[in-house]
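# Remarks on the overall topology
Residues per chain are reported as follows:
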Amino acid sequence: MKIISLLITATATLFLTACGQPSTTALMEKGNFAMWQGRWSDAAEKYTEITQLHPGDWEAHFNLGKCLLELGDPNGAATSLEIANTVVPKNLEVSDLLAESYLAAGNENKLFTFLETQAKEQQTVRAWTRFAEYAMAISDPDTAMIAINTAIVLDNGATPKPYIVSASFAEQLGDDTLAIQRWKEAWAIDATNTQVADALRGHGVIPGPTMTGAVPE
């Protein structure tokens, strides 16, 4: 009887403990629902509870970062997103939001170092293009042009994106010659792209096979 009594007491204690501490699944669902409704403070509260219970839960840190950005706390968002990025360093959504939080916080040094490191380690067109775009956003055109030219070399004519970005940079810097060259190269890769065709017409160039001397695929 004593053993049975002890078992009942232990079971009751576990039950009360479980009831007093909501599961992370329930908290996540409540947080997600609140975020879907645009109740950013309520959502942040739920995600914060999860991170306190499980500091390594990257999804909770990621969602908390989203909420804090919406609430006008980019520094807090960056802190949470840095943890998420440490856990899942190859998650593009996490790294993109972290870069956004650095920019919103005005932390240009961290932003630059973070994106430069990612570009050098990943060696992808996307990483170098993103580094270039943010470098331009923080008024570093020299780095931006080096980065986008690296993306173009890596891309090797496969997609129009890096050429479009390069053309846009050239226009911002007042280099119409380079801008037209990049728009033409983008058109040779994708002649159906209306943005590229409109940009060429804006420079007084009629898009067509004779423009580049080669018919696009």
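Data block above holds the structure.
Residues numbered from 1 in each chain as written. Predicted model: local features only at pLDDT ≥ 70, side-chain atom pairs only at ≥ 80, totals over all residues. Heavy atoms only, no water.

### Structural notes on the overall build of the protein chain
Inclusion rule: In this text, helices come from DSSP runs of H or I with a minimum length of four residues, and strands from runs of E with a minimum of two, each type numbered from the N-terminal end. Should any heavy atoms of two residues lie within 4.5 Å, those residues are considered in contact. The method behind every accessible area is Shrake-Rupley, applied with a 1.4 Å probe, and residues are considered shielded solely by the protein chains displayed.
A count of helical and extended segments in the protein chain gives 13 helices and zero strands. For the protein chain, the α and β elements follow one another from N to C terminus as α-α-α-α-α-α-α-α-α-α-α-α-α. Intrachain contacts of the protein chain at a sequence separation of at least 6 include 44% that bridge at least 24 residues. Total accessible area computed for the protein chain in this model is approximately 12,200 Å², and 56% of it derives from carbon and sulfur atoms.

### A few points about helix 9 (residues 141–155)
Worth spelling out the cut-off: The span one expects for a helix is its residue count, reduced by one, times 1.5 Å. Per-residue accessibility, obtained with a 1.4 Å probe over protein chains only, is compared with the maximum for each type, and a residue is labelled buried under 20%, exposed over 50%, and partly exposed between these values.
Given a rise of 1.5 Å per residue, 15 residues ought to cover 21 Å, and the 21 Å separating the end C-alpha atoms of helix 9 matches this to within 8%. Listed as buried for helix 9 are Thr143, Ala144, Met145, Ala147, Ile148, Ala151, Ile152 and Asp155. On its buried face, helix 9 is in contact with helix 7 (108–122), helix 8 (125–137), helix 10 (161–172) and helix 11 (176–189). Following helix 9 by one or two positions, Asn156 adopts a phi angle in the positive range, close to 55°.

### Focus: the pattern of salt bridges
The condition is simple: Salt-bridge detection follows one rule: a side-chain nitrogen of Lys or Arg within 4 Å of a carboxyl oxygen of Asp or Glu.
A complete count under the given rule lists nine salt bridges for this structure. Linking Glu82 and Lys110 is a salt bridge whose minimum nitrogen-to-oxygen distance equals 3.1 Å. Pair noted here: Glu82 is in helix 5 (residues 74–87) and Lys110 is in helix 7, with a separation of 28 residues, a long-range link. The partly exposed category is assigned to Glu82, whose relative accessible area is 24%. A relative accessible area of 40% places Lys110 in the partly exposed class. A salt bridge links Arg201 to Asp198; its shortest N-O distance comes to 3.4 Å.

### What to know about the packing of aromatic side chains
Here is the rule: Each pair of aromatic rings taken from Phe, Tyr and Trp, with Trp reduced to its six-membered ring, is defined by centres within 6.5 Å and is described as stacked if the planes are under 30 degrees apart, edge-to-face if over 60, and tilted in the remaining cases.
This structure, assessed with the given rule, holds five aromatic pairs. Between the aromatic rings of Trp128 and Phe131, the centroid separation amounts to 6.1 Å while the plane-to-plane angle is 50°, which identifies the pairing as tilted. Placement of the pair is Trp128 and Phe131 together in helix 8, with a separation of three residues, close to one helical turn. Among the aromatic residues, ring-to-ring pairing joins Phe112, Trp128 and Phe131 into one connected group.

### A word on helix 6 (residues 92–105)
Here is the rule we go by: As used in this structure description, the phrase polar contact means that two N or O atoms lie within 3.5 Å; if the pair is within protein, one of them must be able to donate a hydrogen and the other to accept it, and residues adjacent in sequence are counted only when both atoms belong to side chains.
The end-to-end C-alpha separation of helix 6 is 20 Å, in line with the 20 Å expected for 14 residues at 1.5 Å each. Burial in helix 6 covers these residues: Val94, Ser95, Leu97, Leu98, Ala99, Ser101 and Tyr102. Between a side-chain oxygen at the N-terminus of helix 6 and the backbone nitrogen of Glu93 the separation is 3.0 Å; the capping residue is Asn91.

### What about the nonpolar core?
Soluble, globular proteins show a tendency: their nonpolar side chains are buried together. Note the cut-off: Joining through side-chain atoms within 4.5 Å is the link that ties buried Ala, Val, Leu, Ile, Met, Phe, Trp, Tyr and Cys residues into a set, and such a set is a nonpolar core.
Among the nonpolar cores identified, the biggest contains 58 residues, and Tyr47, Phe169 and Trp183 are the most heavily contacted of them. Look past the residues within four positions of Trp183 in its chain and what remains in contact with it is Ile164, Ala167, Ser168, Glu171, Gln195, Val196, Ala199, Leu200 and His203.

### As for the packing of helix 11 against helix 12 (residues 194–202)
Angle between the axes and distance between the axes are the two parameters that describe a pair of packed helices. What counts is decided by this rule: Axis geometry follows a simple rule: fit a line to the C-alpha atoms, using only the stretch in contact for helices, then measure angles between N-to-C directions, giving values from 0 to 180 degrees. Crossings are sorted by hand: turned counterclockwise from the far helix by less than a right angle, the near helix makes the crossing left-handed, and turned clockwise it makes it right-handed. In this classification, Asp, Glu, Lys and Arg are treated as charged, Ala, Val, Leu, Ile, Met, Phe, Trp, Tyr, Cys and Pro as nonpolar, and every other residue, Gly included, as polar.
Look at helix 11 against helix 12: their axes get within 9 Å of each other, and the N-to-C directions meet at 145°. Helix 11 and helix 12 meet at a crossing whose hand is left-handed. Counting all contacts with helix 11, which are made through Ile180, Trp183, Lys184, Ala186 and Trp187, the residues of helix 12 involved are Gln195, Val196, Ala199 and Leu200. The residue makeup of the contact of helix 11 with helix 12, split by class, is seven nonpolar, one polar and one charged.

### Considering the packing of helix 10 against helix 11
Worth spelling out the cut-off: Oblique is the label for any angle not under 35 degrees, not over 145, and not in the 65 to 115 range, which are roughly parallel, roughly antiparallel and roughly perpendicular in turn.
Contact geometry for helix 10 and helix 11: axes closest at 8 Å, N-to-C directions at 160°. On the basis of the axis angle, helix 10 is roughly antiparallel to helix 11. The chirality of how helix 10 crosses helix 11 is left-handed. Within the contact between the two elements, helix 10 uses Tyr163, Ile164, Ser166, Ala167, Ser168, Ala170 and Glu171 and helix 11 uses Leu178, Ala179, Arg182, Trp183, Glu185, Ala186 and Ile189.

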